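This is what each chain is made of:
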Amino acid sequence: MYRFLLTPRWWGINLFVVLAIPFCIFMGTWQLGRFEDRVQTHDAAEKQPAPGTSPAKPIDELLPVDTVTSGRPATATGRYADQFLVPGRELDDKSGFYVLNMLRTDSGKALPVVRGWLPGKAGHTAVPAAPTGEVTVTGDLQASENAGTAGVDAAGGLPDGQLGMISAASLVNLVPYDVYDAWVTLQDTGSSGALRPVPAAVPQGTGLDLKAFQNLGYTGEWFVFAGFVLFMWFRLVRREAEAARDLKLGLIDGADADAGKGAGTNTGPTDPADSNVSAGTA
């Protein structure tokens, strides 16, 4: 009854099932592993002390920025140079902008320093002047932003003196000196009181965010698809086995069986008299 499984048509179906099910299981397991990695990273970050409570270290000792050094207080000494406004940034549900200055260090590289946040529209609000002379700053270390960072304007087209993304890749095209692949946000914004400190952001990939639960959802989808493939294979086998049994018992003829394999409907004559008439005519 099941000899049809050895036909070329069923060889193709069986090969697809044999390849599809392990692939779905592999992809589901991989997505589950990604979710578990995010959970472990989140747990490890929760057990670590708050980055701001760690002692400040020179910027060069904390690079490159990772999940451990992100948020750590970093110090640097130099002189403030170019200033940029970073529009479209919110603080406490209010719209405003960051005030960013490039700190030229003795090494020749410049460190982007967010001196603070101001409400209003960039370019239409008075900005406190940066300190002159040599200064030593201490700020919470942050990784360069990317297109997926909240608040980033990656579309471009901003006026001169404004910046959509705080990253070395963006700044090297605007200043004639090397830039650190990181930035710091000051928690002490000076005595003027106009600038408000920008809290350090949690490093990406350390929390149970939407991406983590997307991985969990994809896990379920891949396993469901593997089950669906197996279910459809059993259904096709059962339908063809029933057709072979009916053919053996004489309940249907060969044309009916072939039609059932294809369109799934009976296209042969339904009235025995019609069959006799056809035979007589022939």
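Small disclaimer: the values here were computed from a predicted structure and weren't measured. (Residues numbered from 1 in each chain as written. Predicted model: local features only at pLDDT ≥ 70, side-chain atom pairs only at ≥ 80, totals over all residues. Heavy atoms only, no water.)

(A) Region of interest: the overall build of the chain. On a plain count of helices and strands, the chain comes out with 5 helices and 6 strands. Overall, the chain shows an N-to-C arrangement of helices and strands of α-β-β-β-β-β-α-β-α-α-α. Scored against the burial criterion, the 282 residues of the chain give a buried share of 33%. For the chain, the proportion of contacts with a sequence separation of at least 24, taken over those separated by at least 6, is 63%. (Helix = DSSP H or I, 4+ residues; strand = E, 2+ residues; numbered from the N terminus. Buried < 20%, exposed > 50% of the residue type's maximum accessible area, 1.4 Å probe, protein only. Contact = heavy atoms within 4.5 Å.)

(B) Just the packing of aromatic side chains, in detail. Evaluated as defined, the whole model comprises 3 aromatic pairs. Where W233 meets F234, the ring centres are 5.1 Å apart and the plane angle is 75°; that geometry is what we call edge-to-face. Judged by its relative accessible area of 49%, F234 falls in the partly exposed class. Here R104 stacks its cationic end above the ring of Y177, 4.1 Å away from the centre of that ring. The ring of Y180 has K109 sitting right over it, with the charged end atom 4.5 Å from the ring centre. (Phe/Tyr/Trp six-rings, centres within 6.5 Å; stacked < 30°, edge-to-face > 60°. Lys NZ or Arg CZ within 6 Å of the ring centre and 35° of its normal.)

(C) Representation of the pattern of salt bridges in the model. For the structure on display, the rule yields 3 salt bridges. Across the pair R9 and E240 runs a salt bridge whose closest N-O atoms are separated by 3.0 Å. One end of the pair, R9, is in helix α1 (residues 8-47); the other, E240, is in helix α3 (residues 210-248), and 231 residues separate them in sequence. (Salt bridge = Lys/Arg side-chain N within 4 Å of Asp/Glu carboxyl O.)

(D) Here's a closer look at the nonpolar core. Among the nonpolar cores identified, the biggest contains 18 residues, and F84, Y98, L100, M102, V114 and I166 are the most heavily contacted of them. Those elements that provide at least two residues to this core are β2 (73-91), β3 (94-105), β4 (110-119) and α2 (168-171). Setting aside chain neighbours within four positions, we find V114 in contact with Y98, V99, L100, I166, W183, V184, T185, L186 and V198. Counting residues in hydrophobic clusters, the runner-up holds 15 residues, among them I59, L103, Y180 and V184. (Core = buried A, V, L, I, M, F, W, Y, C linked by side-chain atoms within 4.5 Å.)

(E) The arrangement of unusual backbone geometry in detail. Following L63, the chain continues to P64 via a peptide bond in cis, the omega torsion being -5°. Summarising the element assignment, P64 is placed in the loop between β1 (57-58) and β2. Of note in this structure, D92 is not a glycine but carries a positive phi near 55°. Its location among the elements puts D92 in the loop between β2 and β3. Residue D93 is not a glycine yet carries a positive backbone phi of 65°. Along the chain, the position of D93 falls in the loop between β2 and β3.

Any functional reading would require information beyond the geometric quantities listed.
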